[in-house]
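Listed here are the chains, written in short residue letters.
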Amino acid sequence: MATNSKPRVLVTREVFTDVIDYLSQHFDVTSNQSDNLFTPATLTPALADKTGAVIAITDRIDADVLAKSPHLKAVCNIAVGYNNIDVPACSARKVMVTNTPGVLDETTADLTWSLILATARRVTEAEAWLRRGEWDGWKLKQFLGVDVHGATLGIIGMGRIGQAVARRARGFDMNILYYNRRRLDENTERKYAATYAPMDELLARADIVTLHIPYSPETHHLIGEAQLARMKPTALLINVARGGVVDDVALIKTLEANRIAGAGLDVFEGEPKLNAGFLKLKNVVLTPHIGSSSEATRRKMVLTAAQNLVAALTIGRPPNWVNPW
Ligand code: GLV
């Protein structure tokens, strides 16, 4: 019987089959095309004999899992964010971590704009009402929303996705404020007609605040009660970044009291179990973490993760290496 000397790798979620075929040229692949969610208890034995893995944001790679995965050399996330991975613990064990930057910026900006427009114009609320058969005729004051064109957009996190959102905002003749840890250079500011503002000022001036920052201990509850209190009563909050960047309990209280006008949310603390308070609110538009979910982009993301794994385990230098040494 021929022995299979290819490195063993795991693909933790259902992916497009051509990606399994591609990985199989290089590796002995264990896939999960039935898409059963791994738990820490099932992921640990599945990784015990693997050299690498293509994983998703639903998989938690922590010191415990790593301690029981002695052969592991690379974990390749199908996402740009990697807060599901304990990167210092990976570095300590010389496990390469990769992500998928660049390929999902435009698609995520598109979804941001879906939420901006749907929230401002109360699209999902109006549709649900219509579907319930409640539409009995035109009324002047029916579903009055707020204008997006000409409004002030406040972008928190002016990286690639924030900039893609800003580019679209120009078509709506918006006034663009941004806050970023590092101020952009003058040419980039001019390109987007974007004005830098400290976060408190941005919160106070923006009609629409949109978040495009990674989740980390530093950004945990970056938008909490105090920040929400600074926003205008007519303002909207949009979050396509990560659950945990916003304090969901504080946001629900703020929305219940109509202290801001609405929120468009694609991500939640503790998702997929979102706080039930959101479901009772009319002034929110809720989507299930689909920011990057166009077919073309999800294909690019998983292919990028697979290419990272091949490069990591063959040449030892993956293109999107998060923790290089
Ligand atoms: C998705 O949430 C990502 O980080 O790519």
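*Asks:* Account for the packing of helix 5 (residues 105-120) against helix 7 (residues 160-170), naming residues and giving values.
*Replies:* Orientation of helix 5 relative to helix 7, taken along the N-to-C sense of each, is 55°, at an axis distance of 8 Å. On the basis of their axis angle, the class for helix 5 and helix 7 is oblique. Considering the relative orientation of helix 5 and helix 7, their crossing is right-handed. Between helix 5 and helix 7, the contacting residues are D105, E106, T108, A109, D110, T112 and W113 on the first element and R160, I161, A164, V165, R167, R168 and A169 on the second.

*Asks:* Lay out the pattern of salt bridges in plain terms, naming residues and giving numbers.
*Replies:* Within the structure shown, the criterion is met by 19 salt bridges. Of the charged contacts, one joins R122 and E125 as a salt bridge, the two residues approaching to 2.9 Å between their closest N and O atoms. The salt bridge involving E186 is made with R190; its shortest N-O contact spans 3.5 Å. Highlighted residues: E186 and R190, both in helix 8 (residues 186-192), separated by four residues, approximately one helical turn. Residue E186 is classed as exposed on the basis of its relative accessible area, which comes to 60%. Overall, R190 belongs to the exposed group, its relative accessible area being 55%. Look at the salt bridges and you will find they share partners, linking R8, D28, D49 and K50 into a network.

*Asks:* Tell me about the site of the ligand, and name the residues and values.
*Replies:* Around the ligand, the neighbouring residues are A79, V80, G81, L104, R242, H289 and M301. Between the ligand and V80, the relevant distance is 2.8 Å, taken from an oxygen atom to a main-chain nitrogen or oxygen of the residue. Here the ligand has 190 Å² of accessible area as a free molecule, and 87% of this is covered by the chains. Broken down by class, the residue content of the shell around the ligand amounts to four nonpolar, two polar and one charged.

*Asks:* Which residues make up the pairing of strand 3 (residues 52-55), and what are the values?
*Replies:* What you see with strand 3 is no split at all: G52 and V54 on one side and A53 and I55 on the other are buried throughout. Where strand 3 and strand 4 (residues 74-77) come together, four bridges link them in parallel fashion. The residue of strand 4 that forms the bridge with A53 is V75.

*Asks:* Before we move on, could you go through the packing of aromatic side chains and cite the residues and values that matter?
*Replies:* Given two aromatic rings, their pairing is described by the distance between the two centres and the angle made by the two planes. Per the stated rule, a full pass over the model turns up six aromatic pairs. An angle of 65° between the planes, with centres 5.7 Å apart, marks the rings of F268 and F278 as edge-to-face. With a gap of 10 residues between them, F268 in the loop between strand 11 (262-265) and helix 12 (276-279) and F278 in helix 12 connect regions that are remote in the sequence. Neither F268 nor F278 differs from the other in exposure class; each is buried. Judged by centre distance (4.9 Å) and plane angle (80°), the rings of W321 and W325 are edge-to-face. Every member of this aromatic cluster is reached through a ring pair, and the members are Y178, Y179 and Y196. Between K94 and the ring centre of W325, over which it is positioned, the NZ or CZ distance is 4.9 Å. Here the basic side chain of R299 rests over the ring of F16, its NZ or CZ set 4.1 Å away from the ring centre.

The rules behind the values
Residues numbered from 1 in each chain as written. Predicted model: local features only at pLDDT ≥ 70, side-chain atom pairs only at ≥ 80, totals over all residues. Heavy atoms only, no water. Axes fitted to C-alpha atoms, helices over the stretch in contact; angles between N-to-C directions. Helix = DSSP H or I, 4+ residues; strand = E, 2+ residues; numbered from the N terminus. Parallel < 35°, antiparallel > 145°, perpendicular 65-115°, else oblique. Left-handed = near helix turned anticlockwise from the far one by under 90°. Contact = heavy atoms within 4.5 Å. Salt bridge = Lys/Arg side-chain N within 4 Å of Asp/Glu carboxyl O. Buried < 20%, exposed > 50% of the residue type's maximum accessible area, 1.4 Å probe, protein only. Near = heavy atom within 4 Å. Polar contact = N/O pair within 3.5 Å; in protein donor to acceptor, adjacent residues only side chain to side chain. Areas by Shrake-Rupley, 256 points an atom, 1.4 Å probe, with all protein chains shown as cover. Nonpolar A, V, L, I, M, F, W, Y, C, P; charged D, E, K, R; others polar. Pairing = 2+ DSSP bridges. Phe/Tyr/Trp six-rings, centres within 6.5 Å; stacked < 30°, edge-to-face > 60°. Lys NZ or Arg CZ within 6 Å of the ring centre and 35° of its normal.

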